[in-house]
Structures are given as structure tokens and as C-alpha cells.
Amino acid sequence: MKLLTFPSSELASQHAFQMIQNALESGTKVFGLATGGTPEQLYALIRESSLDFSQAISINLDEYYGLSPEHPKSYHYYMKQHLFTAKPFKTSYLPDGQNPNVEEETRRYEAIIEQFPIELQILGIGENGHIGFNEPGTPFDSKTSLVSLTESTIQANQRYFSSKEEVPKQAYSMGIGTIMKAKSIILLAFGENKAEAIKGLMSGEITTDNPSSILNQHPDVTIITDEAAASLL
Ligand code: F6R
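Residues numbered from 1 in each chain as written. Predicted model: local features only at pLDDT ≥ 70, side-chain atom pairs only at ≥ 80, totals over all residues. Heavy atoms only, no water.

Caption draft 1: Representation of the environment of Q14 within the structure. Within the fold, Q14 resides in helix α1 (residues 9-25). Here the alpha-carbon distance between Q14 and T106, two residues 92 residues apart in the chain, equals 34 Å. (Helix = DSSP H or I, 4+ residues; strand = E, 2+ residues; numbered from the N terminus.)

Caption draft 2: Broad picture of the site of the ligand. Around the ligand, 14 residues are found, and the nearest of them are T38, D62, H130, G132 and K194. A distance of 2.4 Å is found between an oxygen atom of the ligand and a side-chain nitrogen or oxygen belonging to T38. Between H130 and the ligand, the recorded distance is 2.7 Å, taken from a side-chain N or O atom to an oxygen atom. In isolation the ligand has 410 Å² of accessible area, and contact with the protein removes 95% of it. Residue composition of the shell around the ligand, by class: four nonpolar, seven polar and three charged. (Near = heavy atom within 4 Å. Polar contact = N/O pair within 3.5 Å; in protein donor to acceptor, adjacent residues only side chain to side chain. Areas by Shrake-Rupley, 256 points an atom, 1.4 Å probe, with all protein chains shown as cover. Nonpolar A, V, L, I, M, F, W, Y, C, P; charged D, E, K, R; others polar.)

Caption draft 3: Up close: the sheet that holds strand β3 (residues 57-60). Within the open sheet, the seven strands sit side by side as β1-β10-β9-β6-β2-β3-β5. Their pairing is parallel. With partners counted over all chains shown, the strands left at the sheet margins are β1 (2-6) and β5 (91-93), one partner each. The average angle at which neighbouring strand axes cross in this sheet is 15°, direction not considered. Where β1 and strand β10 (residues 221-226) come together, five bridges link them in parallel fashion. What sits directly across from L4, in β10, is I224. (Pairing = 2+ DSSP bridges. Axes fitted to C-alpha atoms, helices over the stretch in contact; angles between N-to-C directions.)

Take it as geometry only, folks, not as evidence of what the structure does.
And the structure:
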């Protein structure tokens, strides 16, 4: 695992942008994408760039259960707003948060990832170390599933909704085992509230208490942080 720490999230995002540009220019076709506050600057850099993703495929990590693609807080909507309207991919996949048939939806998503193995996966990290929405305690070999958000994640995500009650309590998420199959991974972490999770990840101890810690076993991971997220190292 490689750790790169930058003085600001802007500079860190610029570095991530460079890595994505290099990957695209050297033929990477399948990108795994994340949502949330962390990749917003990265997506802004991509929007403003001349990069062309029209021959590439994107596969997102997760989607809130119960939200339609048109819901302004859904991850479908987020991706359109932050990336896809400006930079359309050939095909973009996200879990269907409105599919109540969990068995069918999780099988469908795993089949997509099997058909298009992820070459470069972008990850954020939760304050509790979650990756995707795989909360502490999730088995490391988990596949795509319907997961329950912990109280701390609901609280952290409350800032995107008008009240805590509005935050969906469940989401479809790619599993940890699924994420680990990506050929290479870039994990972004910005801000002091991520420092504890990054400390756990960088300690090298692999424990389901910090789901991100399994990344220590992946052959090609780059952790990109600002100084605040690396402040406990
Ligand atoms: C988002 C995702 C989550 C977020 C994490 C951090 O698709 O899978 O793991 O990356 O919750 O969220 P932010 O970036 O909002 O702090």
C-alpha cells in the first residue's frame, strides 16, 4: 500500500486526477466510482478536463435503498450532477435502489462486475472505516448485498439531507470481497474526521472493526490524503 499525503484536498484531488488520466490514456476501460463529499473535487477536475470516457464503463459502489434515480439525494442523481452529464460513459451501472427483490438485484450487480472486472476503483472511507457501505463487522469476503447503515454513518450522511429521519437506513453496496477484486484501488480521505480510520488502516492490523484494513492485503492500493486525514499517523 502506498500512502501519499498532500497539503490540501485540492492538491490531493489533482494527484488522483492525474492517476485517472494516466489510466485512461493507457487503456483502462472499467472504472469503479464512489459518491459522497470526498470525490467532488476530483469529479470537478474531470468535468473541466478534456478527458473522454465515452468508450469506458463505470460501476458505482452503492445506492440508497428505496430512492429512485430521480431523487435528488440518490447516488444516480449525484453521479449525473457531478460527472455523467458533463462526461458520459459508454455505460454507467449503479445498483437499482428501487428493486425490492434483493436476491435478484444483488445477483444482477455481481454479474455486471463479473462481466466487466473493475480495473481502477475509486474509494472514499467512512469515519468508522467503512468502504462502500460495508460497515464494521462485515465479513471480508462479502459480495454485493443490501446493508444496514450504522448510526454513525446515518449521522455523518445527515448533512446531505434536511433531517436525520430522511436518511435511508439501508443501501445496496458492493461487497468487500467484490471491491478487493479490483485490479487497482485509489482511496481518498480528507479531513480530521477521517484521521482515526486512516490510522487504523495504516497500522497494518487487519480487523473487521475497520473494514478498510483489508486493503493491506490488496496488491495495488494508493491512499491519497490531505494533512488532516493523516494527522494521527
Ligand atoms: C460512497 C461510499 C462511501 C463514502 C464514505 C465517505 O459511494 O461508498 O463509502 O465514500 O461514506 O463519504 P464522504 O466522502 O461523504 O465523507
